[in-house]
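# Structural overview
So the chains spell out like this:
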Amino acid sequence: MNYVISIVNPKEMKKLVEISRRLEIAAGVVFLGHGTAVQSMLDLLGIESDEKRIAVMIASPEKARKLIREEKRQMFIGVPGHGIAVSVPIKSIGGGKTMAYLNGDQQSAKYVPELNYSYELILAIANEGRTDMVMNAARSAGATGGTVLHGKGTGREEEAKFYNVSIAQEKEVIMIVARTEQKSAIMQAILRKAGPDSEAGTIVFSLPVSEVAGFGMFDEE
């Protein structure tokens, strides 16, 4: 199975839901977020707002490919300003009933997914208000953009800090898709300029990406 993350403009969510229903993709959750493009870029593309909807769905590899293909065809994913989509392979799912539900009651053989792909999804968890600090570091190493989710840590207030990171304070999760060969440099730049010992207090890790759409000349069939 794959974890498909689609980052789209708010007005496109209805169309994305329709596509997922036609493909009989069972599970989906939508988050609020915003892009990291600077205002001059938004003005150049004629975009009035950087508000985004982040839809996450679980689908088989075949349905994940179909979903991204339909997003390209019907929602113009790949055209600047229309959003991006990535598919992250899931290593394991808890329980046969869960697997059957997610896969439409179809039988699936056990397997270990291939994790050697051309792209990776970098997740940087930073203190609130430090997105620019993280993105400036990432861009210095070749990152082209990212999407931000807002959240709150789950730790108790009396918990000790992890390095200088307060687990329970407001957080921002910055998602950046990069080529695998760029990933290490971007992560190192974030840690060096906005890591745990900085005001951003960033924790960063990456996940493999099996499918991508919305990166212009980087898109690969």
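Everything discussed here concerns the structure shown above.
Overview of the structure.

Definitions and cut-offs
- Residues numbered from 1 in each chain as written.
- Predicted model: local features only at pLDDT ≥ 70, side-chain atom pairs only at ≥ 80, totals over all residues.
- Heavy atoms only, no water.
- Axes fitted to C-alpha atoms, helices over the stretch in contact; angles between N-to-C directions.
- Helix = DSSP H or I, 4+ residues; strand = E, 2+ residues; numbered from the N terminus.
- Parallel < 35°, antiparallel > 145°, perpendicular 65-115°, else oblique.
- Left-handed = near helix turned anticlockwise from the far one by under 90°.
- Contact = heavy atoms within 4.5 Å.
- Nonpolar A, V, L, I, M, F, W, Y, C, P; charged D, E, K, R; others polar.
- 1 Å grid on protein atoms, 1.4 Å probe; cavity = no way out; pocket = protein on both sides within 12 Å on 5 of 7 lines; lining within 4 Å.
- Points joined across faces, edges and corners; volume = space filled by probe spheres on them.
- Core = buried A, V, L, I, M, F, W, Y, C linked by side-chain atoms within 4.5 Å.
- Buried < 20%, exposed > 50% of the residue type's maximum accessible area, 1.4 Å probe, protein only.
- Arc of directions from axis to C-beta.
- Pairing = 2+ DSSP bridges.

### Side note on the packing of helix 5 (residues 131–140) against helix 6 (residues 180–194)
Here helix 5 crosses helix 6 at 135°, and the two axes come no closer than 8 Å. What the angle tells us is that helix 5 and helix 6 run oblique. Between helix 5 and helix 6 lies a crossing of right-handed hand. Residues Met133, Val134, Ala137, Ala138 and Ser140 of helix 5 form the contact with helix 6, whose participating residues are Ile186, Ala189, Ile190, Lys193 and Ala194. Tallied by class, the residues present in the contact of helix 5 with helix 6 amount to 8 nonpolar, 1 polar and 1 charged.

### Section: empty space enclosed by the protein
Summed over the entire model, instances satisfying the criterion amount to 1 cavity of 30 Å³ or more. There is about 40 Å³ of room inside the largest cavity. Ile5, Ile7, Ile84, Ala85, Val86, Leu121, Met175, Ile176 and Val177 are the residues that line the largest cavity. Looking at the lining of the largest cavity, the elements with two or more residues in it are strand 1 (2–8), strand 4 (84–89) and strand 7 (170–179). Here the lining of the largest cavity is built from residues that sort into 9 nonpolar, no polar and no charged.

### Here we look at the nonpolar core
Membership of the largest hydrophobic core comes to 18 residues, with the highest contact counts inside it found for Ile122, Val134, Ile174, Ile176, Ile186 and Ile190. For this core, the secondary structure elements donating two or more residues are strand 5 (119–127), helix 5, strand 7 and helix 6. With residues near it in sequence (within four places) discarded, isoleucine 176 still touches Glu120, Leu121, Ile122, Met135, Ala138, Ala143, Gly145, Gly146 and Ile190. Judged by nonpolar contacts, the second largest core, of 17 residues, contains Ile19, Ala55, Met57 and Ile68.

### Looking at helix 5
Those residues of helix 5 not exposed but buried are Thr131, Val134, Met135, Ala137 and Ala138. In an axial view of helix 5, the angular spread of the buried residues amounts to 160°, which keeps them on one side of the axis. Positive phi appears at glycine 142, one or two residues downstream of helix 5, with a value of about 110°.

### Examining the environment of valine 30
Here valine 30 lies in strand 2 (residues 27–35). Classification of valine 30 as partly exposed rests on a relative accessible area of 45%. The spatial distance from the C-alpha of valine 30 to the C-alpha of methionine 57 is 8.9 Å, given a sequence separation of 27 residues. For valine 30, the contacting residues outside a window of four places in its chain are Met13, Arg53, Ile54 and Ala55.

### Examining the pairing of strand 4
Of all 6 residues that make up strand 4, 6 are buried, and the element is covered over most of its length. Side chains of strand 4 alternate between two faces, with Ile84, Val86 and Val88 and Ala85, Ser87 and Pro89 buried alike. Bridge count between strand 1 and strand 4: 6 bridges; the pairing is antiparallel. Bridging from a neighbouring strand, serine 6 pairs with alanine 85 of strand 4.

The values are spatial; any link to function lies outside them.
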